[in-house]
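This is what each chain is made of:
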Amino acid sequence: MKTVKFGGSSLADAKRIKKVCDIILSDPDRRIVVVSAPGKGENAPCKVTDMLIETASAALDFGATKARILMDKVAARYYDIACDLGIPETGERIKTDLYALLDRDKADRKNFTDRVKAAGEDTCAKLVAAYINSLGHKAVYANPGEFGMLLSDEFGNATVLGKSFALLKKNLSKIDGIAIFPGFFGRTEKGEIATFPRGGSDTTGAILAAAVNADVYENFTDVDYVYSVNPKLVKNPKPIKVVTYREMRELSYAGFNVYQEEALLPIYRAGIPVNIRSVNNPLCPGTHIVARREDGDTGTRISGIASNSGFTSLFVAKYLMNREIGFGRRLLSILEDEGISYEHTPTGIDDVTVILRDSFLTNGALDRIIERIKAELLPDGINVVRDLSLIVVVGEGMKHGIGIAAAATSALSKAGISISMISQGSSEVSMIFAVKSSYADDGVRALYEVFFEGN
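For the structure given in this document, a descriptive report is provided here. (Residues numbered from 1 in each chain as written. Predicted model: local features only at pLDDT ≥ 70, side-chain atom pairs only at ≥ 80, totals over all residues. Heavy atoms only, no water.)

Some words on the packing of aromatic side chains
Here the structure, examined in full by the defined rule, presents four aromatic pairs. Where tyrosine 245 meets tyrosine 268, the ring centres are 5.4 Å apart and the plane angle is 80°; that geometry is what we call edge-to-face. Note that tyrosine 245 is positioned in helix H10 (residues 245-253) and tyrosine 268 in helix H11 (residues 265-270), a separation of 23 residues in sequence. A relative accessible area of 3% places tyrosine 245 in the buried class. When the centroid spacing of 5.0 Å and the interplanar angle of 20° are considered together, the rings of tyrosine 448 and phenylalanine 452 count as stacked. Within this pair, tyrosine 448 and its partner phenylalanine 452 are both found in helix H15 (residues 440-452), separated by four residues, close to a single helical turn. (Phe/Tyr/Trp six-rings, centres within 6.5 Å; stacked < 30°, edge-to-face > 60°. Helix = DSSP H or I, 4+ residues; strand = E, 2+ residues; numbered from the N terminus. Buried < 20%, exposed > 50% of the residue type's maximum accessible area, 1.4 Å probe, protein only.)

Have a look at this one:
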């Protein structure tokens, strides 16, 4: 059995939905299908989810008249898609359901917003199911709440509850035909609609694949493969045909926009392989994400190179720091008190560097941290470097190679790029370089030339 997920760009209009349904029906093993809300299309400059968020905000801040005008645009888009699919009666029902959302209780702002924005995926699932049925095949719209997708009551940032997996498996096994499951949302135990963070349809697909123990989780996008580097930086980069969960986790962290970092967790735990494929080229085998490589297959030394910006380096020096018991714990406790997690902590015997995300350092947090370090840890010196990017070189094969670090640092040096920090864990899956953000793209290109073009 295959669990399949289609993103918003693949469902933007009737033409693309027809293509998606052809893919679904071409393989009888594709029995659980997760759909996103329609994304941007040729004649649709906006994503439906963005339109719905704007509508919810208008209903809360400006009243019914403004919200109705915005909802008219959403309803018209779905109705036009339904008519182009030859199911106008479904379009009429959808319009009625969408307008009804504006009459719901608005006392809880986040609750109301989740209910409205979840309608993007929910309505798309109803459309896809109705269209497949109109072709003479059996498809069932699967309401997440009724099928057991139970989430925490953290509206806009919900997580799945453990009891969901057994409920989903039980209810999905009863479906006769293809289950069309809307992504992105579920219900709390009190019956309220709650959504995952943006990109949550990937999370939904992973949860369902784990719940039913699917043989594979197929994720259809608009590219043939995941590529070894951002195609905007390098022309015709090499495709990644097989990558491990650990490698993909590192690449996602470093800026690969294939998955949200948390989306792979359910299938990672279940050991289910992922196949990333193209809607526009469905015969292409795509990229396979696996738990581990076949015995004896170490793959290429480097699987991919990526960079991510928005980091700050906090350097703390103190003579005989290595002899001072509890120094590291007290330093990290100061960060914890500010609600800040750290990214990396390379150390020397008399110094430690903590890499932090800029997004945490708001409202004077960095100044407070520095003052507490001075008062409580009595350091010899503190230095802060802002505007850093992290370049990450990823590959499980690195542990089997010699001279990887030397080749990387030499490439960056020849490109005239100064390295602020180097970090490599004992697992040797990734090597991280902190550089000034203005040099990050050049750094990625230099490393790609060395490891993938043999220069």
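Quick word on the sheet that holds strand S17 (residues 430-436)
Read from one edge of the open sheet, five strands run S14-S13-S15-S17-S16, paired in antiparallel fashion. The open sheet has two free edges, formed respectively by strand S14 (351-357) and strand S16 (421-424), since each of these has just one partner strand. Between one strand and the next, the sheet's axes are offset by a mean angle of 35°, whatever the strand orientation. Bridge analysis of S16 against S17 gives four bridges, and the strand direction is antiparallel. Each bridged residue has a counterpart across the sheet, and for isoleucine 422 the counterpart in S17 is phenylalanine 433. Packed onto the sheet, helix H13 (residues 365-377) meets strand S13 (304-317) and strand S15 (381-394) and runs at close to 120° relative to S15. Each of S16 and S17 is contacted by helix H14 (residues 404-414), which is oriented at about 20° to S17, the strand it contacts most. (Pairing = 2+ DSSP bridges. Axes fitted to C-alpha atoms, helices over the stretch in contact; angles between N-to-C directions. Contact = heavy atoms within 4.5 Å.)

Some remarks on the packing of helix H4 (residues 88-101) against helix H6 (residues 119-134)
Packed helix pairs are characterised by how far apart their axes lie and by the angle those axes make with each other. With their axes 11 Å apart at the nearest point, H4 and H6 run at an angle of 165° to one another. Comparing the axis directions of H4 and H6 gives the class roughly antiparallel. Taken as a pair, H4 and H6 cross one another with a handedness that is right-handed. Contacts between H4 and H6 involve Thr90, Ile94, Asp97, Leu98 and Leu101 from the first element and Ala119, Thr123, Lys126, Leu127 and Ala130 from the second. Class assignment for the residues of the contact of H4 with H6 results in six nonpolar, two polar and two charged. (Parallel < 35°, antiparallel > 145°, perpendicular 65-115°, else oblique. Left-handed = near helix turned anticlockwise from the far one by under 90°. Nonpolar A, V, L, I, M, F, W, Y, C, P; charged D, E, K, R; others polar.)

Quick word on the sheet that holds strand S12 (residues 287-290)
With mixed pairing, the eight strands of this open sheet are ordered in space as S3-S4-S2-S1-S7-S11-S12-S10. Only two strands of the sheet have a single partner each, and these edge strands are strand S3 (139-141) and strand S10 (242-244). This sheet shows a mean twist of 20° between the axes of neighbouring strands, independent of strand direction. Relative to S12, strand S11 (residues 274-278) runs antiparallel, the two sharing three bridges. Directly across from valine 274, in S12, lies its bridge partner isoleucine 289.

Things to note about the packing of helix H8 (residues 164-172) against helix H9 (residues 200-211)
Look at H8 against H9: their axes get within 8 Å of each other, and the N-to-C directions meet at 75°. In terms of orientation, H8 and H9 fall into the roughly perpendicular class. Mapping the contact onto sequence places Phe165, Leu168, Lys169 and Leu172 in H8 and Ile207, Leu208, Ala210 and Ala211 in H9.

Comments concerning the environment of glutamate 247
Following the sequence through the fold, glutamate 247 ends up in helix H10. Take glutamate 247: its relative accessible area is 0%, and that puts it in the buried class. As for glutamate 247 and tyrosine 99, which are separated by 148 residues in sequence, their C-alpha atoms are 45 Å apart. The residues contacting glutamate 247, other than those within four sequence positions of it, are Arg293, Ser303, Val394, Gly395, Glu396 and Val429.

Observations regarding the pairing of strand S4 (residues 178-182)
The buried fraction of S4 amounts to five of the five residues, a majority that puts the element mostly inside the structure. By the alternation rule, side chains of S4 split into Ile178, Ile180 and Pro182 and Ala179 and Phe181, which are all buried. Bridging between strand S2 (residues 30-35) and S4 involves four bridges; their strand directions are parallel. Each residue of the ladder has a partner; that of valine 35, found in S4, is proline 182. Pairing of S3 with S4 involves three bridges; the strand directions are parallel. Bridge pairing links tyrosine 141 to isoleucine 180 in S4.

Examining the side chain of serine 430
In this structure, serine 430 sits in strand S17. One polar contact links serine 430 to glutamate 250, side chain to side chain, over a distance of 3.2 Å. (Polar contact = N/O pair within 3.5 Å; in protein donor to acceptor, adjacent residues only side chain to side chain.)

Let's talk about the pattern of salt bridges
Counting across every chain of the model gives 22 salt bridges. As a salt-bridge pair, aspartate 61 and arginine 109 come within 3.0 Å of each other at their nearest N and O atoms. Of this pair, aspartate 61 sits in helix H2 (residues 48-61) while arginine 109 is found in helix H5 (residues 109-117), placing the two residues 48 residues apart along the sequence. When its relative accessible area of 44% is taken as the criterion, aspartate 61 is described as partly exposed. A residue is classified by how much of its surface remains accessible, and arginine 109, at 41% relative accessible area, is partly exposed. Linking glutamate 324 and lysine 318 is a salt bridge whose minimum nitrogen-to-oxygen distance equals 3.0 Å. (Salt bridge = Lys/Arg side-chain N within 4 Å of Asp/Glu carboxyl O.)

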